[in-house]
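Examination of the molecular architecture
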Amino acid sequence: MSLEAIGALREPARRAVYDYVVAQPEPVSRNEVAEAVAIGRTLAAFHLDKLAEAGLLETAFAARTGGPGAGRPAKLYRRSSAEHAVTLPPRDYRLLAEVLASAVERSGVEPAAYAAARERGAKLAGGDPVARLQELGYEPFEDPDRTIRLRNCPFDALAQAHPPLVCGLNLALVEGLAGERDVRLDPGPTGCCVAIGSKNKKR
Amino acid sequence: MAEHHLAQLNIARLRAPIDSPELADFVALLPEINGLAERSPGYVWRLQDESGDATALRPFEPDVIVNLTVWQSVDSLRGFVYRTAHLEPMRRRRDWFVPADEAYLVLWWIPAGDLPTIAEAADRLDLLRRTGPSPEAFTLREPFPAEPSTSGS
């Protein structure tokens, strides 16, 4: 399945459609996609449905309020929560990560794991921290309070099974990477639990 | 009105006495975290003594504190535990608590309106430790629904 899913992204226009949908905070309609990517509505719908078939997007129907089509349910698309990973030859780093996470919890060496994550974050630092976070898959964005939030948890599956440990690792990694910025845990319903304040660390 | 509520016990072995400097940060966080629980969607009840928390109650062992709560659902409990400011003390738990080599948290369903007792909670934890997760005693990682569907339906 995952190879097919990744294959579905080979076509440049479809890739552009996918990139647009996953960057939006809310589910989007085919009309919005057509306009944003500058393709026809029919073609946008074709690519959207192919991406949904491949398990890369999820669909839902919702009555839109205001504007054309108000009251009529529109088909909306958003990123699927399913993960796709391909390794050739087969490797299973998630299984290994789960074993290691369990061992860390059992032996109580979370502080050592956090320290290792902070060091790793510092090694990854350099240039604009937001750009670095983007490269690492955190999908950073600035909220209205100028706090940088992270739409995606790159370790989501492991975080679901070991939240305090993995959220602590994320915090330490981002602290190491963000240098002088004020980094804290500020969990919301979705996304990564780490937030980066607009001010520097209090000294 | 739901027919079932979720009972939750977790225990933790203190690294140092509750009134020691090592535990000061944890004790200072308690009122805020307890208040946060009470304001969280799906909160029903928590065990407390006259001081407003349950840290003075030591029904298991003298250095083991207990947290016994009731929630409307697994999702409401999960939301509070992992998606609020409660996550920060969870992250820091090794500063205050000894790691456990056995299950330290157990969940089970109770009739809505009932309250769990410490004795019942101890039995559920014991059951989880002996047989692993089951509909009678389970964990957040492996939850069971309140009313298992009958086979053949």
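The structure displayed is predicted, hence computed values, not measured ones. (Residues numbered from 1 in each chain as written. Chains lettered and ligands numbered in written order. Predicted model: local features only at pLDDT ≥ 70, side-chain atom pairs only at ≥ 80, totals over all residues. Heavy atoms only, no water.)

1. Looking at the interface of chain B and chain A
In this complex, chain B contributes 13 residues to the contact, which on the side of chain A involves 22 residues. Interface area, chain B with chain A, both sides summed: about 1,500 Å², of which 55% is carbon and sulfur. At the boundary of chain B and chain A, one finds four salt bridges. Notably, a salt bridge pairs Arg93(B) with Glu110(A), separated by 3.9 Å at the nearest N-O pair. (Contact = heavy atoms within 4.5 Å. Buried area = accessible area lost by both parts, 1.4 Å probe. Salt bridge = Lys/Arg side-chain N within 4 Å of Asp/Glu carboxyl O.)

2. Remarks on helix H1 (residues 24-39) of chain B
All names here are of chain B. The terminal C-alpha atoms of H1, which comprises 16 residues, lie 24 Å apart, in line with the 22 Å expected from a rise of 1.5 Å per residue. Taking the largest bend as the criterion, H1 deviates by roughly 40 degrees, centred on Leu30, and proline Pro31 comes between one and four positions later. Among the residues of H1, Phe26, Leu30, Ile33, Asn34, Gly35, Leu36 and Ala37 are the ones counted as buried. (Helix = DSSP H or I, 4+ residues; strand = E, 2+ residues; numbered from the N terminus. Expected span 1.5 Å × (residues − 1). Bend = angle between axes of the 7 residues up to and from the residue. Buried < 20%, exposed > 50% of the residue type's maximum accessible area, 1.4 Å probe, protein only.)

3. Describing the state of the cysteines
All names here are of chain A. Scanning all chains against the criterion turns up zero disulfides over all chains. Just so you know, Cys167 is unpaired, no disulfide at all, and the nearest cysteine sulfur is the one on Cys193, 3.8 Å from it. Its sulfur unpaired, Cys192 is 5.4 Å from the next cysteine sulfur, which belongs to Cys153. Note on Cys192: relative accessible area 7%, which makes it buried. (Disulfide = S-S within 2.5 Å.)

4. Comments concerning the domain arrangement of chain A
Assigned domains within chain A: domain 1 (2-79) and domain 2 (93-200). Between the C-alpha centres of domain 1 of chain A and domain 2 of chain A there is a distance of 29 Å. (Domains from an automatic or database assignment.)

5. Details of the sheet that holds strand S5 (residues 148-150) of chain A
Residues and elements named next belong to chain A. In space, the four strands of this open sheet follow the order S4-S5-S7-S6, with antiparallel pairing throughout. The open sheet is flanked by strand S4 (140-142) and strand S6 (181-185), the only strands paired with a single partner. Each strand axis lies, on average, 25 degrees off the axis of its neighbour in the sheet, ignoring direction. For S5 and strand S7 (residues 194-200), the ladder comprises two bridges, and the chain directions are antiparallel. Bridging from a neighbouring strand, Ile148 pairs with Ile196 of S7. On top of the sheet, helix H9 (residues 163-178) reaches S5, S6 and S7; it is set at about 175 degrees to S6, its chief contact. (Pairing = 2+ DSSP bridges. Axes fitted to C-alpha atoms, helices over the stretch in contact; angles between N-to-C directions.)

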